[in-house]
Each structure stands twice: as C-alpha cells, then as structure tokens.
Amino acid sequence: NSLDGKEEVNKIIPTASGATIDAVEETGPDVSINAQLVASNYFVERDVNILGVRVSDRDTRDTFLVFGRSRFPYGKKWRLGPRVALEYLKNDRDDSTRFKLTGSMKVDYRWRKKINFDGEFGLETTSNNGGNNPDFNRFFVILGYFIDF
C-alpha cells in the first residue's frame, strides 16, 4: 500500500513573433497537485485499488477531480476494473462551470502469454452552467489489444 503525491508548477515565458513563428503570450504560474492512495489485496487477493484527487489552478480554469479505480482478478486470464470519476471545472474566461461524472467498467483478457485484449464501456454525463456548452450524456466503448515484445 502506498500514498503518492506530486506538485507541478508551469509558467510560459513570452516570446516575440518571427518570420515563421507566432508570438507566445505569458501564462502561469499554473499549479497542479495530485495525490493517490494505492491499496493491494484489500478486497480480494491480487486486487489493486486506487483513490485519487487532482486540483489544478491555472490562468484560465480551475479543476477539481476525484476518482476511484479497481482491478479484480477473475480466474487466471480475466481482470475486471470498475472506475468512477467526478470532475468540477470553472472556466475563468466566461465564468462558466462544468460538472462531469464518468462511470465505466474495464475488462482485460490475457489470451496468450504475450497477447492481451481489453475493452472498456461506460457513461459520461456532463452538466454545464453558463458559457455556450450544452449538457450531454455520452456512452462509450473502447476495444483494443496489445502484444508484449
């Protein structure tokens, strides 16, 4: 089990335009703080569970995100991974806000020693207040494979 954290501070220094390069305006400092708690073998043997938070304070927007993810073994070849995330964003340019809730399930199947298939399906619902962005719900499906070399 572990608790990890990271802080990032970024600043863009302005540059003048040139013959083929546009000018860049100064931004920042942009500050992001991330923390996550990782626990293994918490619910069942060989599971991995992550709870996390990210807070960002930037020139144009502020963000707060909390999330939880788990990965549970099912037999020797399958892994199931429920995921949930809640995000709040405040846009300073137009004083709008956005709430986004995402829930999904990830499924991994280890077909051969070096060949794996995975898929994720879920629902994202977004509520916008102010600005020109409409509220929406989105169902998504992601399918993939990877080969270890």
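Scroll up to find the structure.
All values reported here derive from a predicted model rather than from experimental measurement. (Residues numbered from 1 in each chain as written. Predicted model: local features only at pLDDT ≥ 70, side-chain atom pairs only at ≥ 80, totals over all residues. Heavy atoms only, no water.)

A. Highlighting the sheet that holds strand E8 (residues 136-147). Overall, antiparallel pairing links the 8 strands, which are arranged E1-E2-E3-E4-E5-E6-E7-E8 in an open sheet. Across the chains shown, the open sheet's two edge strands, defined by having one partner strand only, are strand E1 (2-12) and E8. Ignoring strand direction, the axes of neighbouring strands in this sheet form an average angle of 15 degrees. The sheet contact formed by strand E5 (residues 78-91) and strand E6 (residues 96-110) spans 14 bridges and is antiparallel. When the sheet's bridge partners are listed, Arg83 is paired in E6 with Ser104. (Pairing = 2+ DSSP bridges. Helix = DSSP H or I, 4+ residues; strand = E, 2+ residues; numbered from the N terminus. Axes fitted to C-alpha atoms, helices over the stretch in contact; angles between N-to-C directions.)

B. The packing of aromatic side chains, seen in detail. Within this structure, the stated rule accounts for 5 aromatic pairs. Ring centres 4.9 Å apart and planes at 90 degrees place the aromatic pair Tyr42 and Phe43 in the edge-to-face group. According to the relative accessible area criterion, Tyr42 is exposed, its value standing at 58%. Assessed through its relative accessible area of 56%, Phe43 is described here as exposed. Here the aromatic rings of Trp78 and Tyr109 are separated by 4.6 Å at their centres, their planes lie at 45 degrees, and the arrangement is tilted. Of the two residues, Trp78 sits in strand E5 while Tyr109 sits in strand E6, which places them 31 residues apart along the sequence. Judged by relative accessible area, Tyr109 falls into the partly exposed class, the value being 23%. One aromatic cluster in this structure is built from Tyr42, Phe43 and Phe72. (Phe/Tyr/Trp six-rings, centres within 6.5 Å; stacked < 30°, edge-to-face > 60°. Buried < 20%, exposed > 50% of the residue type's maximum accessible area, 1.4 Å probe, protein only.)

C. Highlighting a positive patch on the surface. Together, Arg54, Arg58, Arg61 and Arg93 make up a positively charged patch on the protein surface. By secondary structure assignment, the location of Arg58 is in the loop between strand E3 (48-57) and strand E4 (61-74). For Arg58, a relative accessible area of 30% corresponds to the partly exposed category. (Patch = residues over 30% accessible without salt bridge, like charges linked within 9 Å, V, L, I, M, F, W, Y side chains within 5 Å. Areas by Shrake-Rupley, 256 points an atom, 1.4 Å probe, with all protein chains shown as cover. Salt bridge = Lys/Arg side-chain N within 4 Å of Asp/Glu carboxyl O. Lys, Arg positive; Asp, Glu negative; His and termini not counted. Charge placed at Lys NZ, Arg CZ, Asp CG, Glu CD.)

D. Geometry of the side chain of Ser56. Structurally, Ser56 can be placed in strand E3. In this structure the side chain of Ser56 is engaged in a polar contact, spanning 3.2 Å, whose partner is the side chain of Ser32. (Polar contact = N/O pair within 3.5 Å; in protein donor to acceptor, adjacent residues only side chain to side chain.)

E. Region of interest: the pattern of salt bridges. This model, assessed by the stated rule, comprises 7 salt bridges. Residue Asp92 pairs with Lys90 through a salt bridge whose shortest N-O separation is 3.4 Å. Asp95 is the partner of Lys90 in a salt bridge, and the nearest nitrogen-oxygen pair spans 2.8 Å. Looking at Lys90, the relative accessible area reads 26%, which means it is partly exposed. Residues joined by salt bridges that share partners form a network here, namely Glu87, Arg98 and Lys100.

F. Seen up close, a nonpolar patch on the surface. Together, Trp111, Phe117, Tyr145, Ile147 and Phe149 give the surface a local cluster of nonpolar side chains, amounting to about 650 Å² of exposed area. With respect to the helices and strands, Phe117 occurs in strand E7 (residues 115-129).

G. Representation of the environment of Ser96 within the structure. Looking at the element boundaries, Ser96 is found in strand E6. Of the residues examined, Ser96 reaches a relative accessible area of 6% and is grouped as buried. In contact with Ser96, other than residues within four places in its own chain, are Leu89, Lys90, Asn91, Asn129, Gly130 and Gly131. Here the side chain of Ser96 touches Asp94 through a polar contact of 2.6 Å, side chain to side chain. (Contact = heavy atoms within 4.5 Å.)

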